[in-house]
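Coordinate inspection notes
Residue strings, one per chain:
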Amino acid sequence: MSKKIKLDIVSDVVCPWCIIGYKRLDAAIKELGMEDNIEVEWQPFQLNPDMPPEGEDLCAHLKRKYGTTLEDSIRFRKEMTELGEYVGFKFDYFDGLKAVNTLDAHILLEYAKKVGKQTELKNRLFASFYSEQKDISNKSILRQELQSVGLNVEEAMKSLDDDILRNHVRSQEQQWKQTGISGVPTIVFNRESTISGAQSVDTYKQVLTELAKT
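So, a few notes on the structure that sits alongside this text. (Residues numbered from 1 in each chain as written. Predicted model: local features only at pLDDT ≥ 70, side-chain atom pairs only at ≥ 80, totals over all residues. Heavy atoms only, no water.)

So, the layout of surface pockets
- For the largest pocket, the calculated volume is near 480 Å³.
- Lining the largest pocket are 25 residues; nearest its centre among them are Pro16, Leu47, Leu62, Tyr66 and Phe76.
- Looking at the lining of the largest pocket, the elements with two or more residues in it are helix H1 (16-32), helix H2 (58-66), helix H3 (70-87), strand E4 (98-99) and helix H5 (118-130).
- With five residues, H2 is the largest single contributor of residues to the lining of the largest pocket. (1 Å grid on protein atoms, 1.4 Å probe; cavity = no way out; pocket = protein on both sides within 12 Å on 5 of 7 lines; lining within 4 Å. Points joined across faces, edges and corners; volume = space filled by probe spheres on them. Helix = DSSP H or I, 4+ residues; strand = E, 2+ residues; numbered from the N terminus.)

Some points on unusual backbone geometry
- Going from Val184 to Pro185, the amide bond is cis rather than trans, its omega being 5°.
- Residue placement: Pro185 occurs in the loop between helix H8 (163-178) and strand E5 (186-189).
- Located in the positive-phi region is Arg191, a residue other than glycine, with phi close to 55°.
- Relative to the elements of secondary structure, Arg191 occurs in the loop between E5 and strand E6 (193-196).
- Take Arg191: its relative accessible area is 52%, and that puts it in the exposed class. (Buried < 20%, exposed > 50% of the residue type's maximum accessible area, 1.4 Å probe, protein only.)

Remarks on the pattern of salt bridges
- Enumeration over the complete set of coordinates arrives at 20 salt bridges.
- Lys139 serves as the salt-bridge partner of Asp104, at 3.1 Å between the closest nitrogen and oxygen. Of this pair, Asp104 sits in helix H4 (residues 103-114) while Lys139 sits in helix H6 (residues 139-148); the two residues are 35 residues apart in sequence, bridging distant segments of the chain.
- A relative accessible area of 13% means that Asp104 is categorised as buried.
- The partner of Lys177 in a salt bridge is Glu173, with the nearest N and O atoms 3.4 Å apart. Of the two residues, Lys177 and Glu173 both sit in helix H8, four residues apart, roughly one turn of that helix. (Salt bridge = Lys/Arg side-chain N within 4 Å of Asp/Glu carboxyl O.)

A look at the packing of aromatic side chains
- On inspection of all chains with the given rule, the structure shows eight aromatic pairs.
- When the centroid spacing of 5.9 Å and the interplanar angle of 70° are considered together, the rings of Tyr93 and Tyr130 count as edge-to-face. With Tyr93 in the loop between H3 and E4 and Tyr130 in helix H5, this residue pair connects regions lying 37 residues apart in the sequence. No difference in accessibility class separates Tyr93 from Tyr130, as the two residues are buried. (Phe/Tyr/Trp six-rings, centres within 6.5 Å; stacked < 30°, edge-to-face > 60°.)

Below is the structure:
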């Protein structure tokens, strides 16, 4: 292959299915030996764009938004924990886990893209929120995660005060929604075809194999 396959992954950092889907995709890429033939770019999607700074208890939020019962939440958390173990990701759900606003995280991911650290920061934020019980809307936590992946913390944090960049990220999100994307994860292959949801490793392998042929 002389040309790389471009994958735009539309997702949110507080979406459990997004990390499951990515882990399966990553496994598919590695099993096919296509690590050098894939270009990944993460695209913004906020599950809760109107979430206030203080966040909201996740169980209460899901009940208000979807009518999810406590029993449903417990069952879902157990399912995700088991799926996470299977793909090598730790979900550590706890009482008091909050749904949080993720706009700042997406802005920092846009910054990280410019210096080749976007996927590394994305994975760090997934782990921070789900594995380490951290509030990734908190700026002090974001500073820690930037430092942990070797980014220039002060320069990156300044990007949060950049209105042009903030509006750019919001605009990007709207553009993806206007293409018909209403849920995450959604993977866009070469800006031509899409797959929504966390698919199986075999499904991703099949799609990538077909794309490699063309």
